[in-house]
Protein chains: 2
Amino acid sequence: MRNTMTRTECAAYLRERDGFLILNHRRPDGDAMGCAAALCRGLRTLGKRAFVLPNPETTERYLSLVEDLYPAPGFRPDTVVAVDLAEEGILQNNAGDWAGKVQLCIDHHPSNSGYARQGWVDPAAGACGELIYFLLLELGVEITPELAEPLYIAVTTDTGCFRYKNTSSQTLRVGAALLEAGAPIDLNRTLFMKKSRGRLLLESRMIAGLEFFQAGEADIAAVTLEDLRDCAVTEEDMEDIASVAGSVRGVELSVTLREVEAGSWKVSVRTGQYSNASLVCAEFGGGGHGMAAGCTVKGSLEEVREALKAAVGRHWHALPL
Amino acid sequence: MRNTMTRTECAAYLRERDGFLILNHRRPDGDAMGCAAALCRGLRTLGKRAFVLPNPETTERYLSLVEDLYPAPGFRPDTVVAVDLAEEGILQNNAGDWAGKVQLCIDHHPSNSGYARQGWVDPAAGACGELIYFLLLELGVEITPELAEPLYIAVTTDTGCFRYKNTSSQTLRVGAALLEAGAPIDLNRTLFMKKSRGRLLLESRMIAGLEFFQAGEADIAAVTLEDLRDCAVTEEDMEDIASVAGSVRGVELSVTLREVEAGSWKVSVRTGQYSNASLVCAEFGGGGHGMAAGCTVKGSLEEVREALKAAVGRHWHALPL
C-alpha cells in the first residue's frame with residue numbers, strides 16, 4: 001500500500017470524498033458481495049453517491065444484495081474503492097480498466113499486495129465484513145436491517161458460519177450485534193444447512209469413490225465430466241468442492257481431481273495440521289500455500305491418480321510427526 | 001417446578017449448599033455433558049465437594065470431560081442437581097433412584113416438567129451451557145480454560161456451532177467470551193467439520209437412494225440393516241441421521257426410515273416451515289411436535305415407504321401455503 005491507514009483514517013477519508021464506485025474480486029463470494037453492498041448502502045445513508053460495479057460472475061444467491069446498487073450509464077466515479085480484494089490480478093473480470101487506479105482498499109487478506117493508493121488492511125479479521133461493520137460504526141452509520149443482512153452474510157460465509165479457524169471472538173461479537181440489528185437467523189438455514197440435489201448427489205458419488213492411502217491418513221476424490229453431467233451440477237454447486245474429501249475423520253491430507261476437459265484435471269490438495277500441499281503441487285508446476293495448493297495435470301484418471309498418490313508419498317516424510 | 005428461581009436465587013442456593021451430585025439425561029449430548037462438567041468444576045473452585053454421576057451412555061467423544069469427576073464409592077450427596085434435563089422420564093438410565101428427589105434443576109427446555117424442588121429454567125437460552133456460564137459468573141467463578149472448554153462444547157453442540165435457529169445474540173456473545181477465556185477454536189474442526197468414514201458412506205447411500213415426491217417438496221430416505229452393516233457405523237455415527245434427507249434445497253418435509261430389526265422401522269418425519277409431522281406420525285400411533293415427530297411401522301421397505309408417502313399426502317393440504 002502506498003499509504004497504510006488506520007480505521008479512523010479510513011473513515012475520515014470516506015467522509016471527505018464522494019462519487020464512490022465499489023469493486024470486488026473474481027468469483028465473488030458472500031464476503032465480497034456483502035461488503036460491497038453494505039459499504040455502498042452505508043455511504044448512501046450519509047448522503048453520498050455510491051455504486052457497486054456489476055460483477056459478471058455474481059451468483060444468483062448474492063444478486064439481490066447488489067442489483068439495485070449498479071451505477072447509471074455514464075457514471076464517472078471520483079473515488080474507486082476495492083473491498084475484500086487481495087491483489088489486482090483477481091479484480092472482477094470487467095474492471096481491468098481500474099487496475100492501477102484503485103484509490104482505497106479495505107481488506108483482511110494477509111497477502112494483500114498493496115495495490116491501492118490508500119488502504120486499511122487488517123488480517124486479524126476473519127471476514128472483511130467485520131472491518132466494514134466497524135468502519136460504518138466509526139462513520140456514525142446506524143446499522144439498520146438493510147445493512148445488517150449483507151454484513152451478516154459477509155461475516156458468516158467467510159467463516160463457515162463461525163466454524164472455521166479464522167473465527168475470533170470479534171467475529172462472534174460482530175455476529176451478535178448484527179443479529180440484534182435485524183439480520184435474520186433464518187439466513188443460516190439457506191446458506192449453511194441446505195444443498196442442491198445436484199451437489200448432494202455429486203458429494204455422494206465422491207464419498208462412495210474415495211480412495212484411501214498412506215494408512216488412511218490421506219484420501220483422493222475424483223469428479224469426472226460424466227459425474228458433472230449425471231448430477232447436473234451448476235458452477236455454484238462446485239463451490240468449495242475440494243473440502244469434501246477432507247471431511248473424513250482421520251484424514252490429514254486430501255486430494256481432489258476435477259476433470260475440466262477430457263484428459264485434463266484440476267487438482268486441489270488440502271492439508272490440516274500438515275503442511276506440504278504446495279510441495280506436492282509444485283511437482284506438477286502448480287502452487288499455493290502449505291495448507292491448500294493446486295495444479296493442473298493431464299492424463300487418464302488412473303494415471304493422474306497414481307501420479308498424485310506417488311507425489312504425496314514423496315513429500316509425506318516432510319510432515320511433522 | 002415447586003419453586004421457580006431467578007439466576008441470582010439459583011446462585012445463592014448453590015453458594016449455601018455442599019455435597020453436590022450432578023445428573024443429566026439419557027443419550028447425553030454435548031450440552032448435557034459440558035454443563036455437568038463445567039458446573040462441577042466451577043463448584044469445586046469455590047471449595048465445594050461436587051461430582052458428576054457417571055452416565056452409562058456417555059459417548060467416547062465426551063468422556064474426557066467428566067471421567068475425572070465421578071464420585072468415590074459410598075459418596076452420599078446433600079444436593080442433587082439435574083442439568084439440561086426436561087423431565088424425569090429421560091433421566092440417565094442409572095439414576096432412577098433419584099427420581100422425585102432432584103433438589104435443583106437448571107434447564108433451557110420450554111417443556112420442562114417442573115420435576116425438581118427448585119429450578120432455574122430459561123427457554124430463551126439456545127443451550128443450557130449459556131445458563132451455566134452466567135451462573136458461574138454470578139458465583140464469582142473465574143472462567144479458566146478448563147471451564148471454557150466444556151461450556152464451549154455445550155453451547156456449540158446444541159446450536160450446530162451457531163447455525164441453528166435457537167442461536168441468539170446471547171449465544172454468540174457467550175461463545176465470544178469462551179474463546180477469550182481459552183476455549184480452543186480447533187474444537188469446531190473435530191465436532192463440526194469431520195465425520196467418520198462410516199457415517200459419510202451411510203449418508204452417501206442415503207442421498208443416492210433418496211426418493212422425491214409431492215413435486216419434489218418432500219423426500220424419503222431409508223437405512224436398512226444391510227446399510228448399517230456395510231458401512232460399519234456406530235451408534236455415535238447415527239446421531240441426527242434424520243437431518244440428512246432434510247438437507248436438500250427445496251425439500252420442506254423429509255421422512256427417514258431406519259430398520260431397527262428385520263421388518264420393523266423407526267420413522268422420523270421432519271418439516272421446516274410446514275407443521276404436520278405429528279399428524280403424519282399419529283396415523284401410525286406415534287407422536288412428537290409439529291416440526292419433528294416419530295413412529296414405528298412394521299412391513300417391508302416398500303410397504304412402509306408407500307404407507308408413509310400416502311400419509312404425508314393425506315396431510316399435505318394441512319400445510320399453510
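Residues numbered from 1 in each chain as written. Chains lettered and ligands numbered in written order. Predicted model: local features only at pLDDT ≥ 70, side-chain atom pairs only at ≥ 80, totals over all residues. Heavy atoms only, no water.

**Things to note about the overall build of chain A**
- Secondary structure summary: chain A contains eleven helices and eleven strands in total.
- Taking 2.2 N^0.38 as the reference for a compact globule, 321 residues should give roughly 20 Å; the C-alpha atoms of chain A span a radius of gyration of 21 Å, in line with that estimate.
- Along the three orthogonal principal directions, the C-alpha set of chain A runs to about 60 × 40 × 40 Å.
- Classification of the 321 residues of chain A by burial places 55% in the buried group. (Helix = DSSP H or I, 4+ residues; strand = E, 2+ residues; numbered from the N terminus. Rg over C-alpha atoms; globule rule 2.2 N^0.38 Å. Buried < 20%, exposed > 50% of the residue type's maximum accessible area, 1.4 Å probe, protein only.)

**Some remarks on the side chain of Gln 92 of chain B**
- By the secondary structure assignment, Gln 92 of chain B is in the loop between strand 3 (79–83) and strand 4 (104–107).
- In this structure Gln 92 of chain B touches Leu 23, Asn 24, His 25, Arg 26, Leu 53, Pro 54 and Asn 55 of chain B, once residues within four positions along its chain are discounted. (Contact = heavy atoms within 4.5 Å.)

**Details of the relation of the copies chain A and chain B**
- When chain A is fitted to chain B, the residual RMSD is 0.1 Å, and the transformation amounts to a turn of 180° plus an axial shift of 0.0 Å. Such a turn and shift between the copies fits a two-fold axis. When C-alpha distances to the rotation axis are compared across chain A, the minimum falls at Ser 204 of chain A, with a value of 2.1 Å.
- Taken together, the interface assignments show that 100% of the residues at the interface of chain A recur at the interface of chain B, consistent with an identical surface on both copies. (Least-squares fit on C-alpha atoms with pLDDT ≥ 70 in both.)

**Some remarks on the sheet that holds strand 10 (residues 287–289) of chain A**
All names here are of chain A.
- In space, the six strands of this open sheet follow the order 6-7-8-9-11-10, with mixed pairing throughout. On the outer flanks of this sheet lie strand 6 (211–213) and strand 10, each paired with one strand and no other. Ignoring which end each strand starts from, the neighbouring axes of this sheet average 20° apart.
- By the bridge criterion, six bridges tie strand 7 (residues 218–223) to strand 8 (residues 253–261) in an arrangement that is parallel. Residue pairing in the sheet places Ala 221 in a bridge with Thr 256 of strand 8. (Pairing = 2+ DSSP bridges. Axes fitted to C-alpha atoms, helices over the stretch in contact; angles between N-to-C directions.)

**Considering the interface of chain A and chain B**
- The interface of chain A with chain B comprises 40 residues on the first partner and 40 residues on the second.
- When the two sides are added together, the surface that chain A and chain B hide from each other amounts to roughly 3,700 Å², 56% of it contributed by carbon and sulfur.
- At the boundary of chain A with chain B, the tally comes to six salt bridges.
- As a salt-bridge pair, Arg 173 of chain B and Glu 180 of chain A come within 2.6 Å of each other at their nearest N and O atoms.
- Where chain A meets chain B, there are 21 residue pairs in polar contact (both at pLDDT 80 or more).
- At the level of secondary structure, the elements contributing two or more residues to the side of chain A that touches chain B comprise helix 6 (169–180), helix 7 (187–192) and helix 8 (197–208) of chain A.
- Examining the composition of the side of chain A that touches chain B, we find that eight residues originate from one element, helix 6 of chain A, more than from any other.
- Residues of the side of chain A that touches chain B, tallied by class, amount to 17 nonpolar, eleven polar and twelve charged. (Buried area = accessible area lost by both parts, 1.4 Å probe. Salt bridge = Lys/Arg side-chain N within 4 Å of Asp/Glu carboxyl O. Polar contact = N/O pair within 3.5 Å; in protein donor to acceptor, adjacent residues only side chain to side chain. Nonpolar A, V, L, I, M, F, W, Y, C, P; charged D, E, K, R; others polar.)

**As for the sheet that holds strand 3 (residues 79–83) of chain A**
Residues and elements named next belong to chain A.
- If you walk across this open sheet you meet the five strands as 2-1-3-4-5, and the pairing is parallel. If you trace the sheet from one side to the other, it starts and ends with strand 2 (50–52) and strand 5 (118–121), each paired once. Looking at each pair of strands side by side, their axes are set apart by 20° on average, direction ignored.
- Sitting on the sheet, helix 1 (residues 7–16) touches strand 1 (20–23), strand 3, strand 4 (104–107) and strand 5, and the angle it makes with strand 4 is about 135°.
- Sitting on the sheet, helix 4 (residues 128–138) touches strand 3, strand 4 and strand 5, and the angle it makes with strand 4 is about 120°.

**A few points about the domain arrangement of chain A**
- With domains assigned, chain A is organised as domain 1 (3–191) and domain 2 (197–314).
- The C-alpha centroid of domain 2 of chain A is placed 31 Å from the C-alpha centroid of domain 1 of chain A. (Domains from an automatic or database assignment.)

**Regarding helix 2 (residues 30–45) of chain B**
- End to end, helix 2 of chain B covers 22 Å across 16 residues, agreeing with the expected 22 Å (1.5 Å per residue, within 8%).
- Immediately beyond the C-terminal end of helix 2 of chain B, within one or two residues, lies Gly 47 of chain B, with a positive phi of roughly 85°. (Expected span 1.5 Å × (residues − 1).)

**A look at the confidence of the model for chain A**
- When the pLDDT values of chain A are averaged, the result is 94; 98% of them are 70 or greater.
- Reported confidences for the modelled complex are a pTM of 0.90 and an ipTM of 0.89. (pLDDT = per-residue confidence, 0-100.)

**A short note on the environment of Gly 42 of chain B**
All names here are of chain B.
- For Gly 42, the position within the fold is in helix 2.
- Judged by its relative accessible area of 0%, Gly 42 falls in the buried class.
- Here the alpha-carbon distance between Gly 42 and Gly 140, two residues 98 residues apart in the chain, equals 9.5 Å.
- The residues contacting Gly 42, other than those within four sequence positions of it, are Leu 136, Val 141 and Leu 147.

**Observations regarding the packing of aromatic side chains**
- Scanning all chains against the criterion turns up seven aromatic pairs over all chains.
- Seen in terms of ring centroids, Tyr 133 of chain A and Phe 134 of chain A are 5.2 Å apart; in terms of plane orientation they differ by 70°. Their pairing is edge-to-face.
- Given a relative accessible area of 10%, Tyr 133 of chain A falls into the buried group.
- Ring centres of Phe 162 of chain A and Phe 162 of chain B lie 6.1 Å apart, and the angle between their planes is 90°; on these two criteria the pair is classed as edge-to-face. A residue pair is termed interchain when its members come from two chains, as with Phe 162 of chain A in the loop between helix 5 (145–158) and helix 6 and Phe 162 of chain B in the loop between helix 5 (145–158) and helix 6 (169–180).
- Note on Phe 162 of chain A: relative accessible area 0%, which makes it buried.
- Through successive ring pairs, a cluster of aromatic residues spans Tyr 152 and Phe 162 of chain A together with Tyr 152 and Phe 162 of chain B.
- The ring of Phe 213 of chain A has Lys 309 of chain A lying over it, and the distance from NZ or CZ to the ring centre is 6.0 Å.
- A cation over a ring is seen here: Arg 197 of chain B above Phe 212 of chain A, with NZ or CZ 3.5 Å from the ring centre. (Phe/Tyr/Trp six-rings, centres within 6.5 Å; stacked < 30°, edge-to-face > 60°. Lys NZ or Arg CZ within 6 Å of the ring centre and 35° of its normal.)

**Section: the pattern of salt bridges**
All names here are of chain A.
- Under the criterion given, the structure shown has 34 salt bridges over all chains.
- Note that Arg 61 is salt-bridged to Glu 236, the shortest N-O span being 3.8 Å. Separated by 175 residues along the polypeptide, Arg 61 in helix 3 (residues 60–66) and Glu 236 in the loop between helix 9 (225–231) and strand 8 bring together distant segments of the chain.
- Given a relative accessible area of 28%, Arg 61 falls into the partly exposed group.
- We classify Glu 236 as partly exposed; its relative accessible area is 26%.

**A closer look at the packing of helix 2 of chain B against helix 5 of chain B**
Residue and element names in this part refer to chain B.
- At a minimum axis distance of 8 Å, the contact between helix 2 and helix 5 shows a crossing angle of 155°. Here helix 2 lies roughly antiparallel to helix 5, going by the angle between them. As for how helix 2 packs across helix 5, the hand of that crossing is left-handed. Contacts from Gly 30, Asp 31, Gly 34, Cys 35, Ala 37, Ala 38, Arg 41 and Gly 42 in helix 2 reach Glu 146, Leu 147, Pro 150, Leu 151, Ile 153, Ala 154, Thr 157 and Asp 158 in helix 5.
- Looking at side-chain class alone, the contact of helix 2 with helix 5 contains eight nonpolar, four polar and four charged residues. (Parallel < 35°, antiparallel > 145°, perpendicular 65-115°, else oblique. Left-handed = near helix turned anticlockwise from the far one by under 90°.)

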